[in-house]
Amino acid sequence: MANYKLNINNEPYEVEAEPQTPLLWVIRDEVGLTGTKFGCGIAQCGACTVHLNGTAVRSCSIPVSAASGQQLTTIEGLSDDNSHPVQQAWLDVQAPQCGYCQSGQIMSAAALLEKNPKPTDADIDQAMAGNICRCGTYHRIRKAIHTASNNISNGSK
Amino acid sequence: MEASKINRRKFMKLAGMSGAVLAIGFDSFAFGKPGTLKRLMAEDFVTGTPLNPFVVIAEDGTITIMATVPELGQGIFQAIPAIIAEELEVDMNQVTIVKSSASRKYGRQSIGGSRSVRSLYQPMRQLGAATKEVLLEAAAQQWGVSKDQCYAKSGLVHRQGSGETLAYQDLVASAANIEVPKKPRLKPKKDFKIIGKATERTDLPHKVNGKADYGIDAQPDGLLYATIERCPTLQGKILSFDKEAAMAVKGVKEVMTVTRTVYGKKNTGVAVIAENFYAAMQGRKKLNIKWDNAEFKKVSSKSYFDDMKKLAKEDGLSHKDQGDFDVSFASAADKLDVVYEQPHQSHSCMEPMNATVHVRENNTVEVWAPSQSPQVQRQFARNLGIPENEAEEKIKVHLPFLGGGFGRRSMNDPLEECFQISNTLKKPVKLIWSREDDTAQGPFRQGTVHAMKASFDNSGKATGIQHKMVSQAITTQSRSSNGKIPFEVMEGINTHYDFKNYSIQYGEYKSQIPIHWWRSVFGSTNGFAHEAFIDEVAVKAKADPLQFRKEKLKSEPRQVKVLERLEKESNWSKKLGNNEGKGLAIVESFGSIVAHAVFLKREGGGVIISKVVSVVDCGVFVNPDQARAQTEGNIIYGLTAALKGAITFKDGAAEQSNFDNYGMLRINEAPRDIQVHLMDNDEAPGGMGEPGLPPIAPALVNAVANLTGKRIRKLPFDLQEV
Ligand code: FES
Ligand code: FES
């Protein structure tokens, strides 16, 4: 057991954990932010996607020890009123079905648009191929990313 | 592990912006002790006068409608309240939807078979209309006029010609005492303001910010985490395991055996219970279980399919027998004689199987049931010796959102397992299946073999076809089928095609592999074989596959209309380039008819699905946007089964374990464009959760044949290798 200082959504947390504990379980069960989901545990599905220093990473495959002292953002940190352009676009096109994969999808999309505000379909394929949606909302996710991209470049929030 | 700066107790997640109320968690004081908080479930916080179990109106004007059907992505959280609101004459933005718990007062809460809207459409309209009638009556009495001089709109009763109004909240107290009419008048479809219009789903705001409460998110105080090591072969007995080694892992609290029932077969595994999930998983690795399972190692996909192919050569039970197929085949000038084959599949819900149960010392229970059949009170009550009439008072069941179901969650084995653990420890326990458990432990979709034959006369005309389907059945896994065809196995075989000689048969195969309802069930496998073969027959008869179907389905005007619409919307008759191919299929299942046209293109050295055009006749629909969404989802789910993984068995065990070796379709492989068109008619509502699935795989392989001349008869296949 060791003590780790985590910075999640600009809040400091201190947790006691085994160094190899996947960050995912610390975020969900110790910190209590359950928006980040467990899907596979082996970096294959993207349900657990969070931002580590602004980059989309799979929290199931990062030990808590490696996240200590870094800037982490989870779905809960994107906005507290659904005002983030990606969340808005997701609602515009009514993207989620069961919704379970969508925290991860949204975090991947937000990281993509942060780096590349005008992604092409090929860019979207590349950035989003790590996120499985078993309900099959890909068609709407693609639409939502384009919508968000347009809204960002038109200067609306 | 302990987080220092966190309030883990969850309070009412009231979402002003969406008008939807989800979960509550005033856990530990919830039951029993006099003078302590008794409110536990979301509905305990609803204030106002209930006019029935579903509609509550408060004097401050809040109109609450309960969402009582488990939401797994199909939009039912919104759809059933929308049906009530339509007849109640309130606008959706006046309504607060509150997630109910499991209770018999809401009727049957299990979901499956694309049944919810189909079975609840009429009763829920009646409920809404009857509720409106008592409010009208209350207003009429207050004004001293007759009820037909009053009408309702947007939560107000208007007195005709006078401009006077009374709000529902001012009428509810007296309305509660008025007798509810048994046969209220229902609105004609042309007056609908909500049904048939796209409404935004009120659960979605919670699903873009992480607040939606899934079963796996339940976090009552003092929660322990469990994982279970089950026999790697389908069955087996425990000989020994190393309890001490698992207990020695830091954080592990208990190790115990747990039994799981699958279609009458009981299997015992070993549960490791710990302070956190990571510790439980580490402990599980130390169990070193020795299994007695030699006799179950014989099961393999190879022997399964070899046996079934043998069975397909024998006569089966007759489902349809018209003319004399054997004679027409024996005397045919030309023939087709081919075999189709589809493997087992896993449901692979995005949210792995899980359950949370808290059996308390005082014999009260709180359950979080991520289930398609969440009314578990009576079953748990029997186990605990609680009298049936106290079951609902002592056993509270939350209905979390489900991260997918696809039929898998109609089996409550995770709740069964978790209940045993919590009942032993008298502590709150969350059991989580790993993805590996979820993929490999089943139950699975059936694997099937289809022996298909067609006869042609010397002018090239098709004179007969035969479809012999061989598979296990779901409902007869633990009993004999007594020479009868189990009701579920013929779904999706179109018996209406007009062939002079038409034979459809079923051969039942028995196996130890447990199978279960998998999105569209036998529709998925039958629809594939039948519609791909119809295409072979059409092409051999030198007919356009769409015109051929129109011609042969004349007795079914709804199907013809769907095909005509598909012809138009997909521009079917337009000539394609050399690098392009198209294919279609039409299947009726679960009360709806769906046809897909798939367009393929060679591009950048591979083949892409450039477009899918769909036409859906589901009769009256509640939310057209969600009918489309379900169809889009069915297309992806069906394409995944056609193009990606298969579950195969070797030495008694599934060979696949996780998404690295059991692949899912990803965004870069999905169709570039999906267009879904809904037929507009007054037919009774059909299902929407499944009917979009059966026609997609056959439309795809028919398009491959159109592009390459090559027939795909065994799924899955690699689109890049065609
Ligand atoms: S849970 Fe992390 S990628 Fe699947
Ligand atoms: S919305 Fe259900 S898995 Fe993506």
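Residues numbered from 1 in each chain as written. Chains lettered and ligands numbered in written order. Predicted model: local features only at pLDDT ≥ 70, side-chain atom pairs only at ≥ 80, totals over all residues. Heavy atoms only, no water.

1. Digging into the nonpolar core
Of all hydrophobic cores here, the largest spans 240 residues; its most connected members are Trp90 of chain A together with Val367, Ile421, Val537 and Phe717 of chain B. For this core, the element with the highest residue contribution is helix H2 (residues 116-143) of chain B, accounting for 12 residues. With near-sequence residues (within four places) excluded, Phe717 of chain B lies in contact with Ala642, Leu643, Leu700, Val701, Val704, Ile712 and Val722 of chain B. Membership of the second largest hydrophobic core comes to 18 residues, among which are Leu23, Leu33, Val50 and Val57 of chain A. (Core = buried A, V, L, I, M, F, W, Y, C linked by side-chain atoms within 4.5 Å. Buried < 20%, exposed > 50% of the residue type's maximum accessible area, 1.4 Å probe, protein only. Helix = DSSP H or I, 4+ residues; strand = E, 2+ residues; numbered from the N terminus. Contact = heavy atoms within 4.5 Å.)

2. Here's the deal with the domain arrangement of chain A
Residue and element names in this part refer to chain A. According to the domain assignment, chain A consists of domain 1 (2-78) and domain 2 (85-153). The gap between the C-alpha centroids of domain 1 and domain 2 is 21 Å. Domain 1 puts 17 residues into the contact, and the matching count from domain 2 is 13 residues. When domain 1 packs against domain 2, the two sides together hide about 1300 Å² of surface, and 58% of this comes from carbon and sulfur. For the interface between domain 1 and domain 2, the tally reads zero salt bridges. Scanning the region where domain 1 abuts domain 2 turns up six residue pairs in polar contact (both at pLDDT 80 or more). Contributions of two or more residues to the side of domain 1 that touches domain 2 are made by strand E3 (49-52) and strand E4 (55-58). Looking at which element gives the most residues to the side of domain 1 that touches domain 2, the answer is E4, with three residues. (Domains from an automatic or database assignment. Buried area = accessible area lost by both parts, 1.4 Å probe. Salt bridge = Lys/Arg side-chain N within 4 Å of Asp/Glu carboxyl O. Polar contact = N/O pair within 3.5 Å; in protein donor to acceptor, adjacent residues only side chain to side chain.)

3. What about the packing of helix H14 (residues 545-552) of chain B against helix H15 (residues 557-569) of chain B?
Residue and element names in this part refer to chain B. At a minimum axis distance of 9 Å, the contact between H14 and H15 shows a crossing angle of 160°. Considered as vectors, H14 and H15 are oriented roughly antiparallel to each other. Relative to H15, H14 is oriented so that their crossing is left-handed. Residues Leu546, Gln547, Arg549 and Lys550 of H14 lie in contact with H15, whose contacting residues are Val560, Leu563, Glu564, Leu566 and Glu567. Broken down by class, the residue content of the contact of H14 with H15 amounts to four nonpolar, one polar and four charged. (Axes fitted to C-alpha atoms, helices over the stretch in contact; angles between N-to-C directions. Parallel < 35°, antiparallel > 145°, perpendicular 65-115°, else oblique. Left-handed = near helix turned anticlockwise from the far one by under 90°. Nonpolar A, V, L, I, M, F, W, Y, C, P; charged D, E, K, R; others polar.)

4. As for the environment of Asp121 of chain A
Inspection of the secondary structure puts Asp121 of chain A in helix H5 (residues 121-128). Expressed as a C-alpha distance, the spacing of Asp121 of chain A and His146 of chain A, which sit 25 residues apart in the sequence, is 8.8 Å.

5. A closer look at the sheet that holds strand E29 (residues 674-678) of chain B
Residue and element names in this part refer to chain B. The four strands lie next to each other as E24-E25-E26-E29, forming an open sheet whose pairing is mixed. Bordering the open sheet on either side are strand E24 (580-589) and E29, each of which pairs with just one other strand. Put simply, the sheet's adjacent strands are angled 15° from each other on average, direction ignored. Here five bridges tie strand E26 (residues 606-617) to E29, and the two strands are oriented parallel to one another. Paired with Val616 across the bridge in E29 is Leu678. (Pairing = 2+ DSSP bridges.)

6. Focus on the interface of chain B and chain A
Note on interface size: it is often stated as the accessible area lost on association of the parts. In this assembly, 67 residues from chain B lie in contact with 60 residues from chain A. Taken together, the connections running from chain B to chain A amount to four salt bridges. Within the residue set of the side of chain B that touches chain A, elements represented by two or more residues are helix H4 (204-207), helix H6 (277-285), strand E20 (428-432), helix H12 (435-440) and helix H16 (624-643) of chain B. With nine residues, the top contributor of residues to the side of chain B that touches chain A is H16 of chain B.

7. Some remarks on the environment of Ala330 of chain B
Of note, Ala330 of chain B is situated in helix H8 (residues 325-330). On the basis of relative accessibility, which here comes to 63%, the residue Ala330 of chain B falls in the exposed class.

8. So, the confidence of the model for chain B
All names here are of chain B. Across chain B, the average pLDDT comes to 93, with 95% of residues at or above 70. When the criterion is pLDDT under 50, residues 1-18 qualifies, and its contacts beyond four places in sequence or with other chains add up to 56 contacts. Low confidence marks residues 24-37, where pLDDT is under 50. Its contacts with residues over four positions away, or in another chain, come to 37 contacts. (pLDDT = per-residue confidence, 0-100.)

9. Section: the sheet that holds strand E16 (residues 334-342) of chain B
Strand pairing in a sheet takes place through backbone hydrogen bonds and is either antiparallel or parallel in direction. All names here are of chain B. Overall, mixed pairing links the five strands, which are arranged E15-E23-E22-E21-E16 in an open sheet. Every other strand in the sheet has two partners, leaving strand E15 (317-322) and E16 as the edge strands with one partner each. Each strand of the sheet is rotated relative to its neighbour by a mean of 10°, with strand direction disregarded. Note that strand E22 (residues 462-471) and strand E23 (residues 501-508) share eight bridges and pair parallel. Bridging from a neighbouring strand, Val470 pairs with Gly507 of E23.

10. Side note on the domain arrangement of chain B
All names here are of chain B. Domain boundaries in chain B define domain 1 (8-209), domain 2 (215-295 + 353-432) and domain 3 (301-346 + 444-721). Each of domain 2 and domain 3 was reduced to a C-alpha centroid, and the two centroids are 38 Å apart. With 11 residues of domain 2 at the contact, the number on the domain 3 side is 17 residues. Roughly 1100 Å² of surface becomes buried between domain 2 and domain 3 when both sides are summed, with 59% attributable to carbon and sulfur atoms. Across the domain 2-domain 3 interface, the total number found is five residue pairs in polar contact (both at pLDDT 80 or more). Of the residues assigned to the side of domain 2 that touches domain 3, the class counts are six nonpolar, four polar and one charged.

11. Considering the pairing of strand E25 (residues 592-603) of chain B
Residue and element names in this part refer to chain B. In terms of burial, E25 is a largely internal element, nine of the 12 residues being buried. Where E24 lies against E25, 10 bridges are found, and the strand directions are antiparallel. From the neighbouring strand, Ile586 faces E25, where its bridge partner is Ala595. Count of turn residues in the E24/E25 antiparallel hairpin: two residues, of which Phe590 carries a positive phi of about 50°. With 11 bridges connecting them, E25 and E26 associate as antiparallel partners. Residue Lys601 lies in a different strand from E26, and its bridge partner there is Ile608.

12. Description of the packing of H5 of chain A against helix H6 (residues 138-153) of chain A
Residue and element names in this part refer to chain A. At a minimum axis distance of 11 Å, the contact between H5 and H6 shows a crossing angle of 115°. In this structure, H5 crosses over H6, and the sense of that crossing is right-handed. On the side of H5, the interface is formed by Asp121, Ile124, Asp125 and Met128, while H6 contributes Ile141, Arg142, Ile145 and His146. Its residues assigned to classes, the contact of H5 with H6 comprises four nonpolar, one polar and three charged.

13. Notes on the environment of Ile62 of chain A
Residues and elements named next belong to chain A. Relative to the helices and strands, Ile62 resides in the loop between E4 and helix H2 (64-67). Overall, the relative accessible area of 16% leaves Ile62 in the buried class. Separated by 39 residues in the primary sequence, Ile62 and Leu23 have C-alpha atoms spaced 5.7 Å apart. With near-sequence residues (within four places) excluded, Ile62 lies in contact with Thr21, Pro22, Leu23, Leu52 and Val57.

14. Structural notes on the packing of aromatic side chains
Two descriptors summarise a pair of aromatic rings, namely the distance from one centre to the other and the angle between the planes of the rings. Per the counting criterion, the structure on display carries 19 aromatic pairs over all chains. Consider the rings of Phe406 of chain B and Tyr637 of chain B, whose centres lie 4.5 Å apart with planes at 40°: the pair is tilted. With Phe406 of chain B in the loop between strand E19 (395-398) and helix H11 (413-425) and Tyr637 of chain B in helix H16, this residue pair connects regions lying 231 residues apart in the sequence. Accessibility assignment for this pair places Phe406 of chain B and Tyr637 of chain B in one class, buried. Both rings, one in Trp518 of chain B and one in Tyr637 of chain B, keep their centres 5.0 Å apart while their planes meet at 55°; by these two values the pair is tilted. Taken together, the residues Trp518 of chain B in the loop between E23 and helix H13 (521-540) and Tyr637 of chain B in helix H16 connect sequence positions 119 residues apart. Among the residues examined, Tyr637 of chain B registers a relative accessible area of 0% and is labelled buried. Among the aromatic residues, ring-to-ring pairing joins Tyr100 of chain A together with Phe77, Tyr214 and Phe401 of chain B into one connected group. The ring of Trp433 of chain B has Arg230 of chain B lying over it, and the distance from NZ or CZ to the ring centre is 3.9 Å. Lying across the ring of Phe456 of chain B, Lys540 of chain B places its NZ or CZ 5.9 Å from the centre. (Phe/Tyr/Trp six-rings, centres within 6.5 Å; stacked < 30°, edge-to-face > 60°. Lys NZ or Arg CZ within 6 Å of the ring centre and 35° of its normal.)

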